[in-house]
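# Examination of the molecular architecture
The lines below spell out each chain.
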Amino acid sequence: MEGVDHLAHERNKSEFDVDAMKIVWAGSPHAFVVSDRISKLVASDPGFRKDNRSTLSRKELFKNTLRKAAYAWKTIIDLHLSEEEAAKLRFYVDEPAFTDVHWGMFIPAIKGQGTEEQQQKWLPLAYKMQIIGCYAQTELGHGSNVQGLETTATFDPQTDEFIIHSPTLTSSKWWPGGLGKVATHAIAYALLIVGGREQGVHGFIVQLRSLEDHSPLPGMTVGDIGMKFGNGAYNAMDNGVLRFDHVRIPRNQMLMRVSQVTCEGKYKQSDVPRQLVYGAMLYVRQTIVADASCALSRAVCIATRYSAVRRQFGSQNGGPETQVIDYKTQQSRLFPLLASAYAFRFVGEWLKWLYADVTQRLQANDFSTLPEAHACTAGLKSLTTTATADGIEECRKLCGGHGYLCSSGLPELFAVYVPACTYEGENTVLLLQVARFLMKTVSQLGSSKKPVGTIAYMTRVEHLMQCRCGVQRGFAELSADLVEAAVAHCQLLVVSKFIEKLQQEIPGKGVKQQLEVLCNIYALFLLHKHQGDFLSTGCITPKHAALANDELRSLYSQVRPNAIALVDAFNYTDHYLGSILGCYDGNVYPKLYEAAWKDPLNESVVPDGYHQYIRPLLKQEIRTARL
Ligand SMILES: CCCCC/C=C\C/C=C\C/C=C\CC/C=C/C(=O)SCCNC(=O)CCNC(=O)[C@H](O)C(C)(C)COP(=O)(O)OP(=O)(O)OC[C@H]1O[C@@H](n2cnc3c(N)ncnc32)[C@H](O)[C@@H]1OP(=O)(O)O
Ligand SMILES: Cc1cc2nc3c(=O)[nH]c(=O)nc-3n(C[C@H](O)[C@H](O)[C@H](O)COP(=O)(O)OP(=O)(O)OC[C@H]3O[C@@H](n4cnc5c(N)ncnc54)[C@H](O)[C@@H]3O)c2cc1C
């Protein structure tokens, strides 16, 4: 029945203060108040409904996304929302759209790679959305290999301009979000050529479309690259293709914080590492780690609530069947994902601090922590997105058949989420960057340069020193093993940041105890999953492995009475979850049944096509019917 909390008996089992955990999850009391208010504002506004998305054609979906983006912007202006509130509104609207790239990449690229003068010119236009930007780096022929990009930007000293050109088919820009139909401007990455000399890849601000009638400017061939994976909401994003035919832009539209080209045609590399050209990717990778904890927590919330509702087998003398959440197999699949959601939340908080710290240091031309920041953002983006994509799929399977319904919210969550394993750096390519960072550290062991920060532990791996001479030669040969070492390094990071979180003051009855249980589950689950490595290297004995498995089962039993409260702490509205299986009141079956009849296929009792195809079949008139 509506209004009845079918999970009340679960919520009454909780052994901790859920409201206090909500604040831990949000990050602070202020962050909780903002999140709670904005999520409810979005959920209560019919203008942001999303339950009809799966019935729309791609063009309808895309136009509806434009409407929502415009409506969100109007809401932000009308309600005088702050930048923090506006970002939360875009988050809870939960619609992949050009705004993700405009705010998430175009603006950070200008802030990180533009001069003060360029920031003063372009940022006010972007913040007011008087221009809409995209991040045009990837090409048809190159994505991972940025230095392999073929688009050229040739300086013409006669006119003080750059000529942007797509010399080959494979140099066509391909994939940039928002590029296909909406963006008026791009940060386009191109091979800079000055005085006949190639100077590597740099970023350029290029206007793509008229601000009067939105038509592509001369020399631009631009469009959408077509349907993407599944019928999911990511098809609301116009990932585009763009070719330049000798397009001229003023010299002052090359982003010149890292390097400059003078009007005389002199190329000047300032004394900052050229990798600052990659700065926007560092920024986005750290936001993606926080996003992973959100996506995984959504899936875990759905699967946990449904696992408490679903009963299957185990009836004694006609009594109720067993809740599937009580099966040890269900717990051993679900609770490590619950623990991972919290673990990724806390490592994401730390990574946000690390990024802010390195950004502050860069302002003072202190580049000492840039390599570590790159390794951490690359590695944690790779680790958390892989685990989250796999985790969302596992949550779908944990829900049985109903997990495959769009109304469960899980298929779409998976379809929208999985490209995170590829965009912003393909996950294996990023792990190779971490491996390179680790091997560089090994090569410095024994020198005066002592490993510090997240690699300080490596001082204790003296035995690696003997193999360091081989490592340089064998990197390519050993890359598959080195990628595993990179994963292990990132897992150690996640566990250590969870432990550091527990050393902080954490208010609320039972809250810290619950987090300690989740931290131990996360760590022991990894030990269990990789026990072959731990055993073969002598780090643990078989007895340790057996004790760890026993302890895991005990920890699952400790989580069990608190599971619903732990996912309630995410404080997601039913609107944001978009899932009948994960609805707060657990009233699943009536809602599933009601939703089925809303499908367009049920608008008529006799389906369209019956008389043309089925009736002739049934009446054996098939021989004469025109197929
Ligand atoms: C729609 C819903 C989305 C929700 C998402 C939520 C939040 C996100 C918000 C917004 C985004 C929205 C959607 C995302 C859309 C996706 C966008 C994109 O995909 S943009 C394009 C991304 N492309 C890449 O990531 C390319 C990956 N490749 C690279 O980064 C480089 O090519 C690579 C692999 C690092 C190699 O670079 P290369 O120049 O060849 O250098 P080397 O490997 O030789 O290394 C040289 C040294 O430089 C160091 N290095 C490399 N990168 C960096 C860096 N970024 N920062 C600092 N330092 C770096 C490297 O460690 C080497 O150092 P040493 O010489 O070893 O000391
Ligand atoms: C949904 C989506 C949105 C995107 N949005 C944008 C955007 O807004 N702007 C933008 O510029 N780009 C965007 N991209 C492009 C994205 O950044 C690239 O697809 C990504 O960087 C991967 O590059 P690639 O496609 O060239 O993969 P590839 O590098 O071709 O990967 C293919 C395989 O080769 C392997 N591989 C590659 N190099 C090596 C190596 N050195 N050693 C070992 N294995 C290797 C990879 O691990 C992978 O298994 C988007 C992509 C997607 C899917």
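Residues numbered from 1 in each chain as written. Chains lettered and ligands numbered in written order. Predicted model: local features only at pLDDT ≥ 70, side-chain atom pairs only at ≥ 80, totals over all residues. Heavy atoms only, no water.

## Examining the overall build of the chain
In terms of helices and strands, the chain carries 21 helices and 11 strands. Summarising its shape, the C-alpha atoms of the chain cover approximately 90 × 75 × 60 Å along the three principal directions. Within the chain, the fraction of its 627 residues that count as buried is 51%. Accessible area of the chain: about 29,400 Å², with a carbon and sulfur share of 57%. With 65 positive and 63 negative side-chain charges, the chain shows a spacing of 2 Å between the two charge centroids. (Helix = DSSP H or I, 4+ residues; strand = E, 2+ residues; numbered from the N terminus. Buried < 20%, exposed > 50% of the residue type's maximum accessible area, 1.4 Å probe, protein only. Areas by Shrake-Rupley, 256 points an atom, 1.4 Å probe, with all protein chains shown as cover. Lys, Arg positive; Asp, Glu negative; His and termini not counted. Charge placed at Lys NZ, Arg CZ, Asp CG, Glu CD.)

## Describing the UniProt feature "active site" (unreviewed entry) in the chain
Annotation from UniProt places "active site" (unreviewed entry) at E424. In this structure E424 comes out as buried when scored by relative accessible area, which is 12%. Apart from residues lying up to four places away in sequence, E424 is in contact with M105, M281, V284, R285, I288, K381 and L430. (UniProt positions renumbered as here; feature names shortened; annotations may be inferred. Contact = heavy atoms within 4.5 Å.)

## Looking at the site of ligand 2
Around ligand 2, 18 residues are found, and the nearest of them are Y135, T138, S144, G177 and E426. The contact in question runs from a nitrogen atom of ligand 2 to an N or O atom on the side chain of T138, over 2.8 Å. With 3 residues, helix α12 (residues 427-444) is the single largest residue contributor to the shell around ligand 2. Of the residues that constitute the shell around ligand 2, the class distribution is 8 nonpolar, 8 polar and 2 charged. (Near = heavy atom within 4 Å. Polar contact = N/O pair within 3.5 Å; in protein donor to acceptor, adjacent residues only side chain to side chain. Nonpolar A, V, L, I, M, F, W, Y, C, P; charged D, E, K, R; others polar.)

## Overview of the pairing of strand β2 (residues 152-156)
Most of β2 sits out of view: 4 of its 5 residues are buried. Relative to strand β3 (residues 161-165), β2 is paired through 5 bridges, and the arrangement is antiparallel. Looking at β3, one finds that D156 is bridged to E161. Adjacent in sequence and paired antiparallel, β2 and β3 are bridged by 4 residues, among which D160 carries a positive phi angle near 55°. Judged from the 3 bridges that link them, β2 and strand β5 (residues 185-194) form a sheet pairing that is parallel. Across the sheet, the residue bridging to T154 is I193, located in β5. (Pairing = 2+ DSSP bridges.)

## Digging into the packing of aromatic side chains
Throughout the structure, instances matching the rule amount to 21 aromatic pairs. Geometrically, the ring pair formed by Y92 and Y576 is edge-to-face, given 5.2 Å between the ring centres and 80° between the ring planes. Of this pair, Y92 sits in helix α5 (residues 83-93) while Y576 sits in helix α19 (residues 574-577); the two residues are 484 residues apart in sequence, bridging distant segments of the chain. Both residues of the pair, Y92 and Y576, count as buried. Residues Y342 and F570 carry aromatic rings whose centres are separated by 5.5 Å and whose planes lie at 40° to one another, so their mutual orientation is tilted. (Phe/Tyr/Trp six-rings, centres within 6.5 Å; stacked < 30°, edge-to-face > 60°.)

## Here's the deal with the site of ligand 1
Taken together, the neighbourhood of ligand 1 is formed by 31 residues, with S144, Y278, E424, R436 and K440 sitting nearest. Between ligand 1 and R285, the relevant distance is 2.8 Å, taken from an oxygen atom to a side-chain nitrogen or oxygen of the residue. Protein burial of ligand 1: of its 1,300 Å² of free accessible surface, 82% is covered by the chains. Secondary structure elements with two or more residues in the shell around ligand 1: α6 (98-113), α8 (279-309), α10 (370-398) and α12. Here the shell around ligand 1 gets 7 residues from one element, more than from any other, and that element is α8. In terms of residue class, the shell around ligand 1 is built from 13 nonpolar, 11 polar and 7 charged.

## Re a nonpolar patch on the surface
Together, Y613, I614, L617 and L618 make up an exposed nonpolar region whose accessible area comes to about 400 Å². Within the secondary structure, Y613 sits in helix α21 (residues 610-618). On the accessibility criterion, Y613 (43% relative accessible area) is partly exposed. (Patch = residues over 30% accessible without salt bridge, like charges linked within 9 Å, V, L, I, M, F, W, Y side chains within 5 Å. Salt bridge = Lys/Arg side-chain N within 4 Å of Asp/Glu carboxyl O.)

## Considerations on the pairing of strand β8 (residues 240-244)
Counting buried residues along β8, 4 of its 5 residues qualify, which places the element largely inside the surrounding structure. As judged from the 5 bridges shared by strand β7 (residues 220-224) and β8, these two strands associate in the antiparallel manner. The residue of β8 that forms the bridge with G223 is V241.

## Details of unusual backbone geometry
Backbone geometry places W175, a non-glycine residue, at a positive phi of 105°. Its location among the elements puts W175 in the loop between β4 (173-174) and β5. Despite not being glycine, N365 has its phi angle at roughly 55°, a positive value. Counting through the fold element by element, N365 comes out in the loop between α9 (328-363) and α10. Residue N365 is classed as partly exposed on the basis of its relative accessible area of 41%.

## Quick notes on helix α7 (residues 116-127)
The end-to-end C-alpha distance of α7, which contains 12 residues, comes to 16 Å, matching closely the 16 Å that a straight helix rising 1.5 Å per residue would cover. Residues Q118, Q119, W122, L123 and A126 constitute the buried set of α7. The buried residues of α7 occupy an angular sector of 105° when projected down its axis, which confines them to one face. Pointing more than 90 degrees away from the buried face of α7 are the exposed residues E117 and Q120. Packed against the buried residues of α7 are α6, β5 and β6 (197-207). Following α7 by one or two positions, M129 adopts a phi angle in the positive range, close to 55°. (Expected span 1.5 Å × (residues − 1). Arc of directions from axis to C-beta.)

## Some remarks on the sheet that holds β4
Each strand in a sheet pairs with its neighbour through backbone hydrogen bonds, running either in the same direction (parallel) or in the opposite one (antiparallel). Taken together, 3 strands build an open sheet; the order of strands is β4-β8-β7 and the sheet is antiparallel. Among the strands making up the open sheet, the edge pair consists of β4 and β7.

## Quick look at the nonpolar core
Among the nonpolar cores identified, the biggest contains 156 residues, and L338, Y342, L380 and L515 are the most heavily contacted of them. Of all the elements, α8 adds the most residues to this core, at 18 residues. By size, the runner-up hydrophobic cluster in this structure holds 25 residues, among which are A190, V222, F244 and M254. (Core = buried A, V, L, I, M, F, W, Y, C linked by side-chain atoms within 4.5 Å.)

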